[in-house]
Protein chains: 2
Amino acid sequence: MIQSTIEIIPPERRLSIAAIVFPGMDQIDLTGPYSVLSRIPNCSIQLVWKNKEPLRDHLGFSLLPDTTFDEAGQIDLLLIPGGPGQEELMDDERVLEFIRQRAEAAQCVFSVCTGALICGAAGLLTGRAATTHWTSLHLLKYFGAKTSTKRVAIDGTFVSAAGLTAGIDGALTVAALLRGDEVAQKIQLAIQYTPEPPFNCGSPETAPPKILAAVQEKTSSLTAKREETAKRIAAKMGVKVD
Amino acid sequence: MIQSTIEIIPPERRLSIAAIVFPGMDQIDLTGPYSVLSRIPNCSIQLVWKNKEPLRDHLGFSLLPDTTFDEAGQIDLLLIPGGPGQEELMDDERVLEFIRQRAEAAQCVFSVCTGALICGAAGLLTGRAATTHWTSLHLLKYFGAKTSTKRVAIDGTFVSAAGLTAGIDGALTVAALLRGDEVAQKIQLAIQYTPEPPFNCGSPETAPPKILAAVQEKTSSLTAKREETAKRIAAKMGVKVD
């Protein structure tokens, strides 16, 4: 079993958290984890992008970056959300280099949803267990990753959560790894996280075939584009895929 | 059993959604439901406040209102989030009157967390089943509500969700009521909502006593303030509480 190598940071040491935000991301990949991580005692969270202009997620939600890449200080926990806009970042060396550099010094890198693909393009997934949104699981191999179908995968200092809402589960796991179980438990109670999904329909394994087919159809062109990008990056990085 | 009186809106009719946003709210009360509701086909979502200046939630997250109270058009679904800043709205007639007027014409009013208390102050809860964050359940009676301990309570056209993350469950329920089960099921699959909380700790019934005591202690002064406000409003509205 793959273990975490994340070490508990003592409560008196300020925890510096930074999340990358970008146009076309999915806001819940950020805001779900934010609802958890912002409740960790003695922490700060920066929303980092190239500039501080408001930007929109792919469903129109406005987000306000507060820190530029140049301004970002030391980062203990680096959060990489996903969403359709991830495609635009896959060749963006400014972004990828920032992730690469900061990941090296961070206690923990935490990807949510297709944020894992961005981490892949930055070279972080080589030889590592990782997960992502169920529509993109088959793409992880192109980045040299060991594909995990867990909702939250942990490998060394890298934690990845599956699609969108999995970011809440992942963030509670990250909070426990960085500050201990009791801190995470208090947060879970504060946010009243006893989910009751109204349908048994949240994964391709449980969804009725008709529902699954409809969602696959709707995402097929984006998934195809992501696959093309992943193959191109695999060739560039020299990753051999059978 | 209390039933919904919400009627399905045909897919070809645009669904007009508006959420009130305010300083000191809790962002996840909005962003959780937003991740669901924004995926309903043929809908629009407005974030409504007194002005369009960026505002911050109680944990520092920046939100950008895009519509003023005067600008807001017809509203089918009115979302009222909560959070500590709710206290400032309990006597704010500009806000309460907007809610009152728009609730009357809406297909559905949907409160999340302590957004239910704002609805109470607007007079919407009289004789109605409602729920809220577990720390505020005992306050609903002061607004003439029938307290529900369900995670999502439905009474007529009023849907209320318990604390914070319950907004996701509530929004899926609302999506099903307004557009049918299949629409909600597709959304649940798209957002991969098969939650796996890392601890069995999300409610006062399941949390270890030590964790419960710590969270109660932390919220005690806010809860006391909310109780004082609720009692004052009960007196004003002529609600008798045993």
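Here, the structure is the one placed above.
Cut-offs applied
- Residues numbered from 1 in each chain as written.
- Chains lettered and ligands numbered in written order.
- Predicted model: local features only at pLDDT ≥ 70, side-chain atom pairs only at ≥ 80, totals over all residues.
- Heavy atoms only, no water.
- Pairing = 2+ DSSP bridges.
- Helix = DSSP H or I, 4+ residues; strand = E, 2+ residues; numbered from the N terminus.
- Axes fitted to C-alpha atoms, helices over the stretch in contact; angles between N-to-C directions.
- Left-handed = near helix turned anticlockwise from the far one by under 90°.
- Contact = heavy atoms within 4.5 Å.
- Core = buried A, V, L, I, M, F, W, Y, C linked by side-chain atoms within 4.5 Å.
- Buried < 20%, exposed > 50% of the residue type's maximum accessible area, 1.4 Å probe, protein only.
- Expected span 1.5 Å × (residues − 1).
- Least-squares fit on C-alpha atoms with pLDDT ≥ 70 in both.
- Polar contact = N/O pair within 3.5 Å; in protein donor to acceptor, adjacent residues only side chain to side chain.

(A) How the structure looks around the pairing of strand β10 (residues 152-155) of chain B. Pairing analysis gives 4 bridges linking β10 of chain B to strand β11 (residues 158-161) of chain B, with the strands arranged antiparallel. Each residue of the ladder has a partner; that of V152 of chain B, found in β11 of chain B, is A161 of chain B.

(B) Just the packing of helix α1 (residues 27-37) of chain A against helix α1 (residues 27-37) of chain B, in detail. Packing of α1 of chain A against α1 of chain B brings their axes to within 10 Å, and their N-to-C directions diverge by 145°. Both α1 of chain A and α1 of chain B take part in a crossing whose hand is left-handed. Together, Q27, I28, T31, G32, Y34 and S35 of chain A of α1 of chain A and Q27, I28, T31, G32, Y34 and S35 of chain B of α1 of chain B make up the contact between the two elements.

(C) Expanded view of unusual backbone geometry. At Q192 of chain A, a position not held by glycine, the phi torsion is positive, near 45°. Tracing the backbone through its elements, the reader meets Q192 of chain A in the loop between α5 (181-190) and α6 (209-237). Positioned with a positive phi, L164 of chain B is a non-glycine residue whose angle comes to about 40°. Within the fold, L164 of chain B resides in the loop between β11 and α4 (166-179).

(D) Broad picture of the nonpolar core. Counting 180 residues, the largest nonpolar core has F110 of chain A together with F110 of chain B as its most contacted members. Non-local contacts of F110 of chain A, meaning those with residues more than four positions away in its chain, are made with P33, L77, L78, L79, I80, V159, A161, G167, G170, A171 and V174 of chain A.

(E) Spotlight on the side chain of D26 of chain B. With respect to the element layout, D26 of chain B can be found in the loop between β1 (15-20) and α1. Residues within four places of D26 of chain B in sequence aside, it is in contact with R39 of chain A together with D57, H58, L59, G82, G83 and L164 of chain B.

(F) Representation of α4 of chain B in the model. End to end, α4 of chain B covers 20 Å across 14 residues, agreeing with the expected 20 Å (1.5 Å per residue, within 8%). A positive phi of about 100° marks G180 of chain B, the residue just after α4 of chain B.

(G) Geometry of the relation of the copies chain B and chain A. It takes a turn of 180° to lay chain B on chain A, together with a shift of 0.0 Å along the axis; the resulting RMSD is 0.0 Å. The superposition of one copy onto the other is thereby described by a two-fold rotation axis. A symmetric contact is evident, with 100% of the interface residues of chain B recurring at the interface of chain A.

(H) Region of interest: the sheet that holds β1 of chain B. Residue and element names in this part refer to chain B. Taken in spatial order, the 7 strands of this open sheet run β5-β2-β1-β6-β7-β11-β10, and their pairing is mixed. On the outer flanks of this sheet lie β5 (67-68) and β10, each paired with one strand and no other. Strand direction decides the pairing type here: β1 and strand β6 (residues 77-80), joined by 3 bridges, are parallel. Paired with A18 across the two strands is L78, which belongs to β6. The strands that α4 touches are β1, β6, β7 (108-112), β10 and β11; relative to β7, the one it contacts most, it runs at about 170°.

(I) Summary view of the environment of T132 of chain B. Within the secondary structure layout, T132 of chain B lies in the loop between β8 (129-130) and β9 (146-147). Since its relative accessible area comes to 0%, T132 of chain B is described here as buried. Here the alpha-carbon distance between T132 of chain B and P197 of chain B, two residues 65 residues apart in the chain, equals 20 Å. Once residues within four sequence positions are removed from consideration, T132 of chain B is found in contact with Q192 of chain A together with C113, T114, A116, L137, L140, A161, A162 and G163 of chain B. There is a polar contact of 2.8 Å between the side chain of T132 of chain B and the backbone oxygen of C113 of chain B.

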